[in-house]
Amino acid sequence: MGLLLSLLFLFINLLTNQDYGYTWDLPHHFNAGLRHLGLQPLDASFGTQPYGPIADTLPVLGWLTFYKNWHLLPPDEVYHLFLIIVGALGIYIIYKIAKEMFGTTTALFSATILALYPRYLGHIHNNMKDGPSAVAIAFAVWMFVKWTKKRSKIFYVLAPLSVAIAFNTKVNALLLVPILGLWLILGFRDQISIKIPKIFTSTIGKICVTELLSYSVLSIIFSLLFWFLFWPNPVFQLTELFRHFSGTLHGFNVLYFGKIYYVGINTPWHYALGYFLAVTPFLMLIFVFIGLIKLITDTIFLKNRYSALVLAWFFVPTLKYLHPNIGVFDDIRHFLEAVFPLCIMAGVGATIALSFILIKL
């Protein structure tokens, strides 16, 4: 069913591909993609910023293949082709992970809600990095969940490899550390056992601390390997990555509920939460509220350990603005990864509402 929803989403959004244009930051990412492929950029003044190399490169590959070489589609449509395919993959991922956590009904609701979420639809048509980044982070979360359950050799590789893909798509993947860490602490707090001096044989649930260390080390190694493959001066670009994203937007003015704020100076801590409130359809907000109460209750009483993961996945990206220097603009795209847990939350709420209606009938 998840695959069917994903393919249907892909088909419908390919039909509307011609209705979307380029965004203002196309020159940065298009020329960066050309550089990563060893080609001469069209404008030498663009393409050196330390954005995620995967997000920059794959759309350009589509442009080179289907427009430049085969002349099958217009340049804007083929450039966005990869984005729509990744967006459709996101529908499949949210279905699979919601099914793993809460069952088939919630998975169907979660995937359908994501497929109809207005800002997700908009961003996966012309935003070359934030949509793919949200999907890549969701994939990394899914692979980590699979690793904790299956413990097979394939997931010992896929879980850290998915982190590397997410990191090389956008730096937001660093949020995986507090997201997964909070889940293990909140969701398995009754099973945490640390016995000094045998700390390295202690467990969180059924996860040995040594296994967590190996997951972390492999994630770093794979991430650096990908990064070093793309950049001619990878160490410089790695240090530039943190400088660029920590200070570039300082003083940038943002509009929030009719008032101008300045990034790094007085951006409200509730900026992300408020924006979700503004751009989320009202019926979905009702489902989100019901789901939120359910997830909080289940986390407190440990009725479903995955409830804590959804909460951490949503609140870590949205409450990062507690730190005033976090950069943001352009509505929800800088925290688009929170759309996935938001839709799962709504899926939980919709399932509860459906059960209530069926009981009344």
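To keep things clear, this report deals only with the structure shown in the data block. (Residues numbered from 1 in each chain as written. Predicted model: local features only at pLDDT ≥ 70, side-chain atom pairs only at ≥ 80, totals over all residues. Heavy atoms only, no water.)

**Focus: the nonpolar core**
One finds Tyr120, Trp183, Phe276, Trp313, Phe335 and Phe340 to be the most contacted residues of the largest nonpolar core, which totals 103 residues. The element that contributes the greatest number of residues to this core is helix H4 (residues 75–102), accounting for 14 residues. Other than its neighbours up to four places away in sequence, phenylalanine 276 contacts Tyr117, Leu285, Phe314, Thr318, Ile332, Phe335, Ala338, Val339 and Leu342. (Core = buried A, V, L, I, M, F, W, Y, C linked by side-chain atoms within 4.5 Å. Buried < 20%, exposed > 50% of the residue type's maximum accessible area, 1.4 Å probe, protein only. Helix = DSSP H or I, 4+ residues; strand = E, 2+ residues; numbered from the N terminus. Contact = heavy atoms within 4.5 Å.)

**What about a nonpolar patch on the surface?**
A contiguous nonpolar surface patch, about 550 Å² in accessible area, is contributed by Leu354, Phe356, Ile357, Leu358 and Leu361. Among the secondary structure elements, isoleucine 357 is positioned in helix H15 (residues 339–360). (Patch = residues over 30% accessible without salt bridge, like charges linked within 9 Å, V, L, I, M, F, W, Y side chains within 5 Å. Areas by Shrake-Rupley, 256 points an atom, 1.4 Å probe, with all protein chains shown as cover. Salt bridge = Lys/Arg side-chain N within 4 Å of Asp/Glu carboxyl O.)

**What about H4?**
Between its first and last C-alpha, H4 extends 41 Å over 28 residues, near the 40 Å set by a 1.5 Å rise per residue. Maximal helix bending in H4 amounts to about 35°, located at leucine 81. Taken from the residues just after H4, glycine 103 is the one with a positive phi, measuring 105°. (Expected span 1.5 Å × (residues − 1). Bend = angle between axes of the 7 residues up to and from the residue.)

**Here's the deal with the pattern of salt bridges**
By the definition in use, this model includes 10 salt bridges. Residues lysine 294 and aspartate 298 are paired through a salt bridge, measuring 3.5 Å at the closest nitrogen-oxygen approach. Of this pair, lysine 294 and aspartate 298 both sit in helix H13 (residues 282–300), 4 residues apart, roughly one helical turn. What makes aspartate 298 buried here is its relative accessible area of 5%.

**Points about the pairing of strand E3 (residues 253–256)**
Burial of the side chains of E3 is restricted to one face: Val254 and Tyr256 are buried, whereas none of Asn253 and Leu255 on the reverse face is. Sheet topology note: the E3/strand E4 (residues 259–262) ladder contains 4 bridges and is antiparallel. The partner of valine 254 across the bridge, within E4, is tyrosine 261. Remark: 2 residues form the turn of the hairpin made by E3 and E4, two consecutive strands paired antiparallel; phenylalanine 257 in that turn has positive phi of roughly 50°. (Pairing = 2+ DSSP bridges.)

**Looking at the environment of valine 254**
As for its position among the elements, valine 254 is in strand E3. Residues valine 254 and leucine 354 lie 100 residues apart in sequence; the distance between their C-alpha atoms is 39 Å. Discounting chain neighbours no more than four positions away, the residues touching valine 254 are Lys259, Ile260, Tyr261, Val263, Tyr271, Val328 and Phe329.

**Some remarks on unusual backbone geometry**
The backbone of phenylalanine 257 shows a phi angle near 50°, a positive value even though the residue is not glycine. In this fold, phenylalanine 257 is placed in the loop between E3 and E4. Of note in this structure, leucine 302 is not a glycine but carries a positive phi near 55°. Topologically, leucine 302 is positioned in the loop between H13 and helix H14 (306–318). Owing to a relative accessible area of 24%, leucine 302 belongs among the partly exposed residues under this scheme.

**Let's talk about the packing of helix H7 (residues 130–150) against H14**
One way to put it is that H7 packs onto H14 with a least axis distance of 13 Å and a crossing angle of 160°. Of the possible angle classes, the one that applies to H7 and H14 is roughly antiparallel. Seen from above, H7 lies across H14 with right-handed handedness. Mapping the contact onto sequence places Ile137, Ala138, Val141, Val145 and Lys149 in H7 and Tyr306, Leu309 and Trp313 in H14. Looking at the contact of H7 with H14, its residues break down into 7 nonpolar, no polar and 1 charged. (Axes fitted to C-alpha atoms, helices over the stretch in contact; angles between N-to-C directions. Parallel < 35°, antiparallel > 145°, perpendicular 65-115°, else oblique. Left-handed = near helix turned anticlockwise from the far one by under 90°. Nonpolar A, V, L, I, M, F, W, Y, C, P; charged D, E, K, R; others polar.)

**A closer look at the side chain of threonine 267**
Within the secondary structure, threonine 267 sits in the loop between E4 and helix H12 (271–279). Residue class for threonine 267 comes out buried when judged on its relative accessible area of 11%. From its side chain, threonine 267 meets the backbone oxygen of tyrosine 262 in a polar contact 3.4 Å long. (Polar contact = N/O pair within 3.5 Å; in protein donor to acceptor, adjacent residues only side chain to side chain.)

**Some remarks on the packing of aromatic side chains**
Applying the stated rule across the entire model yields 30 aromatic pairs. Here the aromatic rings of phenylalanine 66 and tryptophan 70 are separated by 5.5 Å at their centres, their planes lie at 85°, and the arrangement is edge-to-face. Exposure remark for phenylalanine 66: the relative accessible area of 27% places this residue in the partly exposed category. Residue classification places tryptophan 70 among the exposed residues on the basis of a relative accessible area of 52%. Taking the centre distance of 6.1 Å and the plane angle of 40° together, the rings of tyrosine 256 and tyrosine 275 count as tilted. With tyrosine 256 in strand E3 and tyrosine 275 in helix H12, this residue pair connects regions lying 19 residues apart in the sequence. A relative accessible area of 5% places tyrosine 256 in the buried class. Given the relative accessible area of 18%, tyrosine 275 is considered buried. Through pairs of rings, three or more aromatic residues link up here, namely Tyr256, Phe257, Tyr261, Tyr271, Tyr275, Phe276, Phe314, Phe315, Tyr321 and Phe335. (Phe/Tyr/Trp six-rings, centres within 6.5 Å; stacked < 30°, edge-to-face > 60°.)

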